[in-house]
Amino acid sequence: MQVAIKKWGNSQGIILPKEIMELMNAKIGDALDAVIDNGKLTLQPAKKQFTHKTLEERMDETGLQLSFGPEIEWGESRGSELW
């Protein structure tokens, strides 16, 4: 299937036919990664890089352990501390 490069404002664009969108399992608004290898353009679903992860999830990915060390005793509360 062929598509054409067309002018789109000050840029250029490619309109993907419905059949290609269905084969890619893509929908309007999806992000795609564009990879150029040896002059060939490949479009693939974008890696989810915008997801928010907790610190624990990020530490799990690294294989490192998060350690805060021993708890420190600061003595009796004085004044208007909340605890």
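Here the structure is shown first, and the text comes after it.
If you're wondering where the values come from, they're calculated on a predicted model, not measured in any experiment.

Undergrad: Would you take a moment to explain the pattern of salt bridges for this structure?
TA: Side chains that carry opposite charge are capable of pairing whenever their charged atoms lie near each other. In this structure the tally under the stated criterion is two salt bridges. Lys 27 is the partner of Asp 30 in a salt bridge, and the nearest nitrogen-oxygen pair spans 3.2 Å. Residue class for Asp 30 comes out partly exposed when judged on its relative accessible area of 32%. By relative accessible area, Lys 27 is classed as exposed at 57%. Glu 61 is paired through a salt bridge with Lys 53; the nearest N and O atoms lie 2.4 Å apart. Accessibility expressed as a relative area gives 53% for Glu 61, which makes it exposed. With a relative accessible area of 34%, Lys 53 lands in the partly exposed category.

Undergrad: Help me out: how do you make sense of the environment of Leu 43 in this one?
TA: Note that Leu 43 resides in strand β4 (residues 40–45). Sequence separation of Leu 43 and Trp 8 is 35 residues, and the distance between their C-alpha atoms is 19 Å. When near neighbours in sequence (up to four residues on either side) are disregarded, Leu 43 contacts Met 24, Leu 32, Asp 33 and Ala 34.

Cut-off values and rules
Each chain carries its own residue numbering, running from 1 in the direction its sequence is written. With pLDDT at 70 or above as the cut-off, local features in this predicted model cover only qualifying residues; side-chain atom pairs require 80 or more to be listed or tallied, and sums for whole chains, interfaces and linings still use all residues. Side-chain measures were taken over the full set of non-hydrogen atoms in the model, leaving aside hydrogen atoms and water. By convention in these notes, a salt bridge is any Lys or Arg side-chain nitrogen within 4 Å of a carboxyl oxygen on Asp or Glu. Only protein chains enter the area calculation, which uses a 1.4 Å probe; residues under 20% of their type maximum are buried, those over 50% are exposed, and those in between are partly exposed. Under the scheme used here, helices are H or I runs from DSSP no shorter than 4 residues and strands are E runs no shorter than 2 residues, and both carry numbers assigned from the N terminus. Contact criterion: two residues are considered in contact whenever any of their non-hydrogen atoms come within 4.5 Å of each other.

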